[in-house]
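# Tertiary structure, described
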Amino acid sequence: MLEKELDGLSTRGLRRFWRSVEAVEGSRLKIGGRWMISLASNSYLGLHLHPRVKEAAREAIDRFGAGAASARLIGGTFSLHEELEAALAQFKQTEAALLFPTGYMANLGAVTSLVGPGDLVAGDALNHASLIDACRLSKAAFRVYPHRDADRLDACLKLRRKRCRNALIATEGLFSMDGDIAPLAGIAEIARRHEAWLLVDDAHATGVLGKSGRGSLEHFGIPPGRILQMGTLSKALGSLGGFVAGPRAVIEWLKNKARSFVYTTALPPASAAAALAALRVIQGEPSCRARLKENARNWISGLKNLGLDLISEESPIVPIRVGDPQRVLKLASDLFEAGVFAPGIRPPTVPKGTARIRTSLTALHSGEDLDQALAAFRAVFAHAHRS
Ligand code: PMP
């Protein structure tokens, strides 16, 4: 039965698989014995390989051990966790912050603690699966508004807000699969007017957007105020873990109510220490972000010169519109043969009919990497066009 379903996924080009990485060096991954240029990393600043970040992880293992050995509220809160929470709150310009073992769990915990039966939650149509799952799990009335459409969001709240006790708006700041940015000034104003919580998932914007890399609120110059900022330690911060930053009372509430915080083991010391070191690099070495920006700019103009159909050109996430999942698989496989790892993204990760090649740039890419990758894209897409 399952075998048949799996065969069906294969026939439709929707079967999932992974590539096994044998070694990592800068922007290159060793896969199947060959060094490939990776355009698949979310470590936008390359900090997972930064010497101080790696050293901090090693030191934390020596001092605290390989695992936290307990839940945060039992015996698993180390001084490192508190130090990282204080640093994240300061970075995000909020009163407090709370760590979760992953970003997925941070979204689950935040949404389900703030809204429940009798409440309303409104989410962008292209929100990440963790936000969608959180909204569904909350048992609040869940309404989806068209992607980045603040007017439709406003209309939804106008219609429903009065009938609900609490309301929450959930949106990504920088969208993970589309690379575009939510119209946060308008959304924040709508949240204020309708007395709704606003949760901004800044998984991809943290360390990337804004003058100091604080994220999408800084990008727009919006004061954090009562806005809740979710983030992950697993992308620009080069580690693993999630967090929510916001007003002290909300963070204290999550500490008491978020089941994905309370009933799970604390973040391993090495992950916390690595993220803390990465945060310091972000604040102390703005040149990383400048390099990332320059790489993204060059890559976008290179792809545009090839005449490719880019879904967005606002960030280091640069997706190329293809449409059909089988076609995406073939393109990704031809690129792979040409030495470039650029994954095909298919439904249900993205809506039906919008399969794409998603490329992500990092500060680690050299000019030579990008020239080589561009040559591969030129050859593969030209061939696909002809055949
Ligand atoms: N939100 C978004 C927008 C993401 O892209 C991701 C990770 N893919 C998450 C949340 C979950 O973060 P984590 O990987 O830390 O669980």
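Structure: see above.
This is a predicted model, so every value here is computed, not measured.

The secondary structure content of the protein chain amounts to 15 helices and 14 strands. Over its C-alpha trace the protein chain gives a radius of gyration of 21 Å, about what one expects of a compact globule, namely 21 Å for 387 residues. Along the longest, intermediate and shortest principal axes, the C-alpha atoms of the protein chain span 60 × 55 × 50 Å. In the protein chain, which comprises 387 residues, the share counted as buried stands at 55%. Within the protein chain, contacts between residues at least 6 apart in sequence are counted, and of these 70% link residues at least 24 apart. With an accessible surface of roughly 17,500 Å², the protein chain has 53% of that area assigned to carbon and sulfur atoms. Here the protein chain holds 50 positive side-chain charges and 38 negative ones, and the gap between their average locations is 4 Å.

Across its 16 residues, helix H12 (residues 269–284) extends 22 Å between first and last C-alpha, which sits within 8% of the 22 Å expected from 1.5 Å per residue. Buried residues dominate H12, accounting for 13 of its 16 residues.

Let us look at the sheet that holds strand S3 (residues 34–38). Pairing within the open sheet is mixed, and its four strands lie in the order S1-S2-S3-S12. Among the strands making up the open sheet, the edge pair consists of strand S1 (21–25) and strand S12 (340–341). Where strand S2 (residues 28–31) meets S3, four bridges bridge the pair, whose relative direction is antiparallel. Its bridge partner lying in S3, Lys-30 is registered against Trp-35.

Tracing the chain through its elements places Ala-23 in strand S1. Overall, the relative accessible area of 26% leaves Ala-23 in the partly exposed class. Beyond its immediate sequence surroundings of up to four residues, Ala-23 is in contact with Arg-28, Leu-29, Lys-30 and Trp-35.

Strand order in the open sheet formed by three strands is S11-S14-S13, and the pairing between neighbours is antiparallel. Every other strand in the sheet has two partners, leaving strand S11 (317–323) and strand S13 (344–345) as the edge strands with one partner each. Here S11 runs beside strand S14 (residues 355–360); their pairing, made up of six bridges, is antiparallel. Paired with Pro-319 across the strands is Arg-358, a residue of S14.

This part covers the pairing of strand S5 (residues 120–124). When you tally the buried positions in S5, you get five out of five residues, the bulk of the element. Neither face of S5 is exposed, since Leu-120, Ala-122 and Asp-124 on one face and Val-121 and Gly-123 on the opposite face are all buried. Looking at chain direction, S5 and strand S7 (residues 167–172) are connected through four bridges and run parallel. Opposite Val-121, over in S7, you have Leu-168 as the bridge partner.

Our next topic: the pairing of strand S9 (residues 228–232). A large share of S9 lies buried, amounting to five of its five residues. Where strand S8 (residues 197–201) meets S9, three bridges bridge the pair, whose relative direction is parallel. Residue Asp-201 lies in a different strand from S9, and its bridge partner there is Met-230. Note: S9 against strand S10 (residues 242–246), four bridges, orientation antiparallel. The residue of S10 that forms the bridge with Met-230 is Val-244.

Once that is clear, we can look at the nonpolar core. Counting 71 residues, the largest nonpolar core has Leu-84, Leu-88, Leu-233, Trp-299, Leu-303, Ile-357 and Phe-377 as the members making the most contacts within it. Among the elements that take part in this core, H12 stands out by supplying eleven residues, more than any other. Looking at which domains feed residues into this core, each of domain 1 (15–44 + 286–386) and domain 2 (51–284) gives three or more. What Leu-88 contacts, discounting residues up to four positions off in sequence, is Ala-97, Leu-99, Leu-233, Leu-237, Phe-243 and Leu-279. Listed in part, the 26 residues of the second largest apolar core include Leu-98, Leu-168, Leu-199 and Leu-254.

Across all of its chains, the model carries five aromatic pairs by this definition. A ring pair is formed by Phe-100 and Phe-261, whose centres lie 5.8 Å apart and whose planes are at 70°; its orientation type is edge-to-face. Taken as a pair, Phe-100 in strand S4 (residues 96–100) and Phe-261 in helix H11 (residues 259–262) lie far apart in primary sequence, 161 residues in all. Judged on exposure class, the residue Phe-100 and its partner Phe-261 are both buried. Both rings, one in Phe-377 and one in Phe-381, keep their centres 5.7 Å apart while their planes meet at 10°; by these two values the pair is stacked. On the criterion of helical spacing, the pair formed by Phe-377 and Phe-381 is a turn pair, its members being four residues apart in helix H15 (residues 367–386). Across this residue pair, the class does not change: Phe-377 and Phe-381 are buried. Ring pairs connect the aromatic residues Trp-299, Phe-377 and Phe-381, which therefore count as one cluster. Here the basic side chain of Arg-19 rests over the ring of Phe-336, its NZ or CZ set 3.6 Å away from the ring centre.

What counts as what
Each chain has its residues counted from 1, following the order in which its sequence is written. It should be noted that, the model being predicted, local features are given only for residues of pLDDT at least 70 and side-chain atom pairs only at 80 or more, the latter also being counted only at that level, while totals for whole chains, interfaces and linings use all residues. Water and hydrogen atoms play no part in the side-chain values, which are based on all heavy atoms of the structure. By the criteria applied, helices consist of DSSP H or I runs no shorter than four residues and strands consist of E runs no shorter than two, each listed in order from the N terminus. For the radius of gyration, the atoms used are the C-alpha atoms, and the globule rule reads 2.2 Å times the number of residues raised to 0.38. Here the term buried applies to any residue with accessible area under 20% of the maximum for its type, exposed to any over 50%, and partly exposed to those in between, with areas from a 1.4 Å probe on protein chains only. A contact between two residues is defined here by any heavy atoms of the two lying within 4.5 Å. Working definition of accessibility: Shrake-Rupley area with a 1.4 Å probe, residue cover restricted to the visible protein chains. This count recognises Lys and Arg as positive and Asp and Glu as negative, with His and chain-terminal groups excluded. Charge placement uses NZ in Lys and CZ in Arg. For Asp and Glu, CG and CD serve respectively. What a helix is expected to span follows from its residue count: subtract one and scale by 1.5 Å. Any two strands with at least two DSSP bridges between them are considered paired. As used in this record, nonpolar core signifies buried Ala, Val, Leu, Ile, Met, Phe, Trp, Tyr and Cys residues forming a set joined through side-chain atoms within 4.5 Å. The start and end points of each domain follow an automatic or database-based domain assignment. Between 30 and 60 degrees the pair is tilted, below 30 it is stacked and above 60 it is edge-to-face, where a pair is any two Phe, Tyr or Trp rings, Trp via its six-membered ring, whose centres lie within 6.5 Å. Definition used: whenever NZ (Lys) or CZ (Arg) falls within 6 Å of the ring centre and also within 35 degrees of the ring normal, the charge is taken to sit over that ring.

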